[in-house]
Amino acid sequence: KEAINTQSILDEQARSVAADDILTGEAARLTDEVNQIIGDIRHYGFRVCGTTYQNCNNGNILVFDNKTRTDYGCHVVPDAAAYNTSTYKYTVPSNGYWFFGFNLFMNSNPNDSDRRFGIYVNNAIYAFGGSYIGTGETVSLNKYCVQGDVIDVRCYLGPATVSLNPGHSWFYGWKIGR
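Computed from a prediction, not measured in an experiment: that's the story for all the values here.

### Some words on the pattern of salt bridges
Logical step 1: The full count for this structure, using the stated rule, is two salt bridges.
Logical step 2: Its salt-bridge partner being Arg69, residue Asp71 comes within 2.8 Å of it at the nearest N-O pair.
Logical step 3: Put simply, Arg154 and Asp152 hold a salt bridge, and the shortest N to O gap is 2.7 Å. The residues Arg154 and Asp152 share a single accessibility class, namely buried.

### With respect to the side chain of Asn103
Logical step 1: On the secondary structure map, Asn103 appears in strand β6 (residues 96-106).
Logical step 2: Here Asn103 falls in the buried class, since its relative accessible area comes to 19%.
Logical step 3: Within the structure, Asn103 has its side chain in polar contact with the backbone oxygen of His168 (distance 3.4 Å).
Logical step 4: Leaving out residues up to four positions away in the same chain, Asn103 has contacts with Glu137, Thr138, His168, Ser169 and Trp170.

### Focus: unusual backbone geometry
Logical step 1: In this structure, the amide linkage connecting Val77 to the following residue, Pro78, adopts the cis form with an omega of 0°.
Logical step 2: Turning to its location among the elements, Pro78 is positioned in the loop between β3 (75-77) and β4 (83-84).
Logical step 3: Not every positive phi belongs to a glycine, and Tyr88 is a case in point at roughly 65°.
Logical step 4: Its location among the elements puts Tyr88 in the loop between β4 and β5 (89-91).
Logical step 5: Tyr88 gets classed as partly exposed once you look at its relative accessible area, which sits at 21%.
Logical step 6: The phi dihedral of Asn122 falls on the positive side, at around 50°, and the residue is not glycine.
Logical step 7: As for its placement among the helices and strands, Asn122 is situated in the loop between β7 (115-121) and β8 (124-131).

### Things to note about the packing of aromatic side chains
For any pair of aromatic rings, the description consists of the separation of the ring centres together with the inter-plane angle of the planes.
Logical step 1: Taken as a whole and assessed by the stated rule, the structure comprises 14 aromatic pairs.
Logical step 2: Look at Phe64 and Phe171: their rings are 5.9 Å apart centre to centre, the planes differ by 40°, and that puts the pair in the tilted class. Separated by 107 residues along the polypeptide, Phe64 in the loop between β2 (53-56) and β3 and Phe171 in strand β12 (residues 170-177) bring together distant segments of the chain.
Logical step 3: For Phe64, a relative accessible area of 0% gives the class buried.
Logical step 4: Between Tyr97 and Tyr144, the ring centres sit 5.1 Å apart and the planes meet at 75°, which makes this aromatic pair edge-to-face. With Tyr97 in strand β6 and Tyr144 in strand β9 (residues 136-145), this residue pair connects regions lying 47 residues apart in the sequence.
Logical step 5: Of the aromatic side chains, those joined through ring pairs into one cluster are Tyr44, Phe46, Phe64, Tyr83, Tyr90, Trp98, Phe100 and Phe171.
Logical step 6: One residue, Arg154, lies across the ring of Tyr120, its end atom 4.3 Å from the ring centre.

### Quick look at the environment of Ala160
Logical step 1: Relative to the elements of secondary structure, Ala160 occurs in strand β11 (residues 160-163).
Logical step 2: Looking at Ala160, the relative accessible area reads 5%, which means it is buried.
Logical step 3: On a C-alpha basis, the gap between Ala160 and Asp114 in space is 8.9 Å, while along the polypeptide they are 46 residues apart.

### Overview of the nonpolar core
Nonpolar side chains tend toward joint burial in soluble globular proteins.
Logical step 1: Formed by 30 residues in total, the largest nonpolar core has its most connected members in Phe64, Tyr90, Phe100, Phe117 and Ile151.
Logical step 2: Residue assignment for this core shows that the elements contributing at least two residues are β1 (45-49), β6, β7, β9, β10 (150-157) and β11.
Logical step 3: The biggest single contributor to this core is β6, with five residues.
Logical step 4: Excluding residues within four positions of it along the chain, Ile151 makes contact with Tyr88, Lys89, Tyr90, Val92, Phe100, Ile119, Tyr120, Val121, Cys145 and Phe171.

### Quick look at the confidence of the model for the protein
Logical step 1: A residue-level look at the protein finds 71% of positions with pLDDT of 70 or above and a mean pLDDT of 83.
Logical step 2: The weakest mean pLDDT in the protein belongs to helix α1 (residues 6-42) at 64; the strongest belongs to β5 at 98.

About the criteria used
- Per chain, the residues get numbers from 1 upward, laid out in the order the sequence is written.
- Reporting in this predicted model follows two pLDDT cut-offs: at least 70 for local features of residues, and 80 or more for side-chain atom pairs to be given and counted; totals over whole chains, interfaces and linings ignore these cut-offs and use all residues.
- Remark: hydrogens and water are excluded; side-chain values derive from all non-hydrogen atoms of the structure.
- For this analysis, a salt bridge means a side-chain nitrogen from Lys or Arg found within 4 Å of a carboxyl oxygen belonging to Asp or Glu.
- In this scheme, a residue with accessible area under 20% of its type's maximum is buried, one over 50% is exposed, and one in between is partly exposed, where area comes from a 1.4 Å probe on protein chains only.
- The secondary structure listing takes helices from DSSP runs of H or I that are at least 4 residues long and strands from runs of E that are at least 2 residues long, numbered from the N terminus.
- In protein, a polar contact requires one atom able to donate a hydrogen and another able to accept it; more generally it is a pair of N or O atoms within 3.5 Å, and residues adjacent in sequence count only if both atoms are side-chain atoms.
- Contacts are residue-level and defined by heavy atoms, with any inter-residue pair within 4.5 Å sufficient.
- Here is the rule: rings of Phe, Tyr and Trp (six-membered ring for Trp) pair when centre to centre is within 6.5 Å. Planes less than 30 degrees apart are stacked, more than 60 are edge-to-face, and the remainder are tilted.
- Both a distance and an angle decide whether a charge sits over a ring: NZ of Lys or CZ of Arg must be within 6 Å of the ring centre and within 35 degrees of the ring normal.
- The nonpolar core is taken to be a set of buried Ala, Val, Leu, Ile, Met, Phe, Trp, Tyr and Cys residues, with the residues joined through side-chain atoms within 4.5 Å.
- Residue-level confidence of the predictor, termed pLDDT, takes values from 0 up to 100.

Right under this line is the structure:
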């Protein structure tokens, strides 16, 4: 009969347990990392609307002063304080790639004069559109932002009357990557 080498069996079992622990630990680490990336992206965003008409001219910030009208999809997550309803500006809470945009419903005669509106980051214009616009204007921007960057929408060239009522006009953004 062949002798059983118990030390060899114990060593093999120890190696097997250690390999399982390493694989389990690595799977847990990767799961945590993926959840952090997804959670970091998925949970930052906003959509705000206004409550009235606004006559605006060159440089005026548009008054998107409502972030709680859930019946119109208004929200700010995860921290409602990131959007200031007194200054009408969004402060970026997390570094990464962001997608911002706005939709405006004009209440002006489209043939009166040029009208342009833009997305500003830290008081500098990054995207704008318009001209002899009829009833609407939509602009979007994809940009890497750092925590603390301040985003707003302004009339770049006016005058114009904009219906900022819920359902007519809105300003939005969400984090799309790290």
